[in-house]
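Notes for the structure review
Below are the chains, spelled out letter by letter.
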Amino acid sequence: MKLLTKTTFYFLITMVPLLAMAGFYLVNQFSKEINYRSDNELVSDEIQWIQYLETAVANGTTFFLKTPELSIFPTDADVDEYATITTTYSYSKTKNEDIPYRQLAQVVSISGNHYQIYIRQSQEQKAALESDVKWIMLFVLAGLFAATLIFNWAISKRLWKPFRRSLNKIRSAELQKMEDMHFETTNTEEFNELNASLNYMTGKIYKDYVNMKEFTENAAHEMQTPVAVVLSKLELLLQDNNLEDDQVQSILQSVTALQRLSKLNEGLLLLAKIENNQYETTEKVSLAEITKKYVHLFAEFIKEKQLTVQTNYQGEFMISLHPILAGSLINNLLGNAIKYNYTAGLIQISVSENHFHISNTSLLKPIPSEKLFKRLKNSKESPESSNGLGLAIVKKIADVNNLRITYQFENELHSFDLVREKGRKEQTL
Amino acid sequence: MIIEDEQALQESILKYLDHQGFVCEAVSDFLQAKDKLAGFDYDCIVVDIGLPYGSGLDLVKELKYMESKAGIIIISAKNALEDKLAGLDLGADDYLAKPFYLSELTSRINAIIRRRNFSGNKVIAFNEIKLEAEAQLVTVNDKPVVLTDKEYQLLEYFIANRRRLLTKAAIAEHIWGEEYLHVSNFDFIYSQIKNLRKKLLEAGSGDYIKTVYRAGYRFTDQ
């Protein structure tokens, strides 16, 4: 649930009963006030009537009066010390309904005679007034309520803006570009605290990342020198004519292993360099041309394996890509298609303006998607030597150069498709 | 002249080149190198980029400033494109990334010395076999032999590293470059070598290409 929804929800839960209670209280008070006023009027009317009666009956006559509003008549009942005021209903012919009346009743003694006094006042106006007041209040309260909600929403939206901004920044954060990331100061203290922490965090992450990267690069570089030393010693050792065949084989195997280590190192370095965008270029290359070049370069291997290569060049597939990376891309894809093929197998290549496709036959099982393009995940699957970095390099090159690479296994063919990425958002491996 | 700060590697290079008949000197830091280069003329200088007290690239600059005629090969642990381009821009003749095969270094030194050798002849000879580098012409007992590009490279490489045991991997990397590693194991060099040997034998040369069982090949007249 959104924070705003939540605050609004709690606001509603507390405000609705509060407003209802306030309304009820106001109407009640209002009604009481009206009754009080009309009761006062009734009492003052009565006092005037009693004064009038005292003068009117001074000569000993009996007084009798009966109107809908006022009845005064002699009675035998005891004198009431206080007047009682009640609300009664009586039928009105004009309105055709019961109409509420406020009625004062008292038995008074005037010149020794007891008189019953009833004074009534129609409450019709009051009811109408009350109803009006209720409606007005309902409108005002509802308006107030709605206005509060809208303001609450608008204010929240405004207040949370810096938070949203920070959030969006975090969402689009990329390790390589974290250096330029800055969460600016706002006029809200809490967000300032948050942004300051975020600045600190991204700074630290970036620093760690750079350190790590430099470490990897330096480690890889530093590793090449000892490898060079060992390789040169092994090569010299091989020149010894007194070596037994076993010893020669041991040395050769060491050389092979060393070469693998060195190639692995180079692969990792290449990946690091691609990640660091050390191969930025404004040049455009034609994938079709590069493909042709590599097909030509590998012609001997293709011939030796008796592979059939079906090519279909419909377009150039021009792309801004560093020639080294373009070469590496095609080299890896075509190399794999040759290496993992069987004798007299098939390779299909098609290049059009926006699409590069290569597929090959192979005895290997389809590559499971969780291993596809992952570093060092596939090296145990094939009898051929592999450093397990080829496809990771392909994927990395595609990723940083607005290309999308996909893999499929269909009709006994392993195929890779390379297309331009449309509306690409930044993504990480 | 070998300028390499890694003592063990320096020794290996010296030993191998010595075997191949080169007269070599070696130094292991920038200052020594500068002294030597100022005092003596060399045919070829193999220089590492990362040196104590200075960069190998600055030595290349220095040599060019002195208008030295020496061929220059840069060797570096950094297989970085920028280094390579910077080195070649400064006037180095070749660039070799560590780790490399000594046989590869030897072959490149040979090529450079031959190219630099303006006064003398540019013919490489091994007994009755003669290679005319510029025309890529091969003769056996003065009779021309027609070789493919790859076979020619192979022969040149063999002669540069004569009498050395050359592993299949080193040969493959020399002829086909690093790309081959993506494609195949190096058994495919067998047919190339077989063809080369056949052509040379047919032309009347000695059988110099010796197969070293399960290891590689040796080009030798012994």
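Up top is the structure.
As the structure is a prediction and not an experimental result, all values here were calculated from the model.

**Quick word on the overall build of chain B**
- From N to C terminus, chain B includes nine helices and 14 strands.
- Looking at chain B as a whole, 42% of its 222 residues are labelled buried.
- Partitioning the intrachain contacts of chain B with sequence separation of at least 6 by distance along the chain shows that 56% fall at a separation of at least 24.

**With respect to helix α8 (residues 323-339) of chain A**
- End to end, α8 of chain A covers 23 Å across 17 residues, agreeing with the expected 24 Å (1.5 Å per residue, within 8%).
- Of all the 17 residues making up α8 of chain A, 14 are buried; the element is thus mostly covered by neighbouring parts of the structure.

**What to know about the sheet that holds strand β11 (residues 403-410) of chain A**
Residues and elements named next belong to chain A.
- The strand order across the open sheet formed by five strands is β7-β9-β10-β12-β11, and the pairing between neighbours is mixed. Looking at which strands have only one partner, the edges of the open sheet turn out to be β7 (308-313) and β11. Put simply, the sheet's adjacent strands are angled 10° from each other on average, direction ignored.
- With respect to the sheet, helix α6 (residues 287-297) is in contact with β7, β9 (346-352) and β10 (355-361), its orientation differing from that of β9 by roughly 155°.
- Strands β9, β10 and β12 (413-420) of the sheet are contacted by α8, whose axis makes an angle of about 20° with β10.

**Focus on the interface of chain B and chain A**
- Contacts between chain B and chain A engage 31 residues on the former and 36 residues on the latter.
- Examining the composition of the side of chain B that touches chain A, we find that six residues originate from one element, helix α1 (residues 7-19) of chain B, more than from any other.

**Notes on unusual backbone geometry**
- Residue Lys-98 of chain B is joined to Pro-99 of chain B through a cis peptide bond whose omega torsion reads -5°.
- Within the secondary structure layout, Pro-99 of chain B lies in the loop between β7 (94-97) and α5 (102-116).
- Even without being glycine, Asn-402 of chain A reaches a positive phi, approximately 60°.
- Tracing the sequence through the fold places Asn-402 of chain A in the loop between α9 (390-400) and β11.
- With a phi close to 50°, Asn-127 of chain B is a non-glycine residue in the positive phi region.
- Structurally, Asn-127 of chain B is set in the loop between β8 (123-126) and β9 (129-132).

**Here's the deal with the nonpolar core**
- Counting 63 residues, the largest nonpolar core has Ile-3, Val-46, Val-47, Leu-59, Ile-72 and Ile-73 of chain B as the members making the most contacts within it.
- Setting aside its immediate chain neighbours within four residues, Val-46 of chain B contacts Met-1, Ile-2, Ile-3, Ile-73 and Ile-75 of chain B.
- Counting residues in hydrophobic clusters, the runner-up holds 43 residues, among them Ile-274, Leu-297, Leu-334 and Val-394 of chain A.

**Describing the sheet that holds strand β2 (residues 26-27) of chain B**
All names here are of chain B.
- Spatially, the five strands line up as an open sheet ordered β2-β1-β3-β6-β7, and their pairing is parallel. Bordering the open sheet on either side are β2 and β7, each of which pairs with just one other strand.
- Sheet topology note: the strand β1 (residues 2-3)/strand β3 (residues 44-48) ladder contains two bridges and is parallel. If you follow Ile-2 over to β3, its bridge partner there is Val-46.
- Along the sheet, α5 makes contact with β3, β6 (71-76) and β7, crossing β6 at roughly 155°.

**A few points about helix α1 (residues 3-56) of chain A**
- Spanning 54 residues, α1 of chain A covers 77 Å between terminal C-alpha atoms, matching the ideal 80 Å at 1.5 Å per step.
- Bending of α1 of chain A peaks at approximately 25° at the position of Met-15 of chain A, with proline Pro-17 of chain A no more than four residues after it.

**What to know about the environment of Thr-281 of chain A**
All names here are of chain A.
- Mapped onto the elements of the fold, Thr-281 is located in the loop between α5 (245-275) and β6 (284-286).
- Since 14 C-beta atoms lie within 10 Å of it, Thr-281 is described here as partly exposed.
- Between the C-alpha atom of Thr-281 and that of Leu-321, which follows or precedes it by 40 residues, the distance is 6.3 Å.
- Aside from chain neighbours lying at most four places away, what touches Thr-281 is Ser-320, Leu-321 and His-322.

**Quick word on the pairing of β8 of chain B**
All names here are of chain B.
- Direction of pairing for β8 relative to β9: antiparallel, over a ladder of four bridges. Within the sheet, the bridge partner assigned to Ile-124 lies in β9 and is Leu-131.
- In sequence, β8 turns back onto β9 through a hairpin of two residues, with Asn-127 there showing a positive phi of about 50°.

**Details of the packing of α5 of chain A against α9 of chain A**
Residues and elements named next belong to chain A.
- For the pair α5 and α9, interaxial distance at closest approach is 10 Å and the crossing angle is 10°. With respect to α9, the axis of α5 lies roughly parallel. Here Gly-267, Leu-270, Leu-271, Ile-274 and Glu-275 of α5 come into contact with α9, specifically with Ala-392, Ile-393, Lys-396, Ile-397 and Val-400.
- Classifying every residue of the contact of α5 with α9 gives seven nonpolar, one polar and two charged.

About the thresholds
- Once a new chain begins, its residue numbering starts again from 1 and follows that chain's sequence as written.
- Chain letters and ligand numbers both follow the written order, the letters beginning at A and the numbers at 1.
- Local features in this predicted model are restricted to residues whose pLDDT is 70 or higher, and side-chain atom pairs enter the listing and the counts only when it is 80 or higher, whereas totals over whole chains, interfaces and linings include all residues.
- In this description a helix means any DSSP run of H or I spanning at least four residues, a strand means any run of E spanning at least two, and both kinds are numbered starting from the N terminus.
- For every residue, the other C-beta atoms within 10 Å of its own C-beta are counted; 20 or more classify it as buried, 12 or fewer as exposed, and values in between as partly exposed. C-beta atoms are placed from the backbone.
- Contact definition: two residues whose C-beta atoms, as placed from backbone geometry, lie within 7 Å.
- Given a helix with a known number of residues, its expected span is that number minus one, times 1.5 Å.
- DSSP calls a pair of strands paired once it identifies at least 2 bridges connecting them.
- An axis is simply a line fitted to the C-alpha atoms; with a helix, the fit covers only the stretch in contact. Between two such axes, the angle follows the N-to-C directions and lies from 0 to 180 degrees.
- The term nonpolar core refers to a set of buried Ala, Val, Leu, Ile, Met, Phe, Trp, Tyr and Cys residues connected through C-beta atoms within 7 Å.
- We define the bend at any residue as the angle between the axes fitted to the seven residues before and including it, ending there, and the seven starting there.
- An angle counts as roughly parallel when it lies under 35 degrees, as roughly antiparallel when it exceeds 145, as roughly perpendicular when it falls between 65 and 115, and as oblique in every other case.
- Under the scheme applied, nonpolar residues are Ala, Val, Leu, Ile, Met, Phe, Trp, Tyr, Cys and Pro; charged residues are Asp, Glu, Lys and Arg; polar residues are all the others, including Gly.

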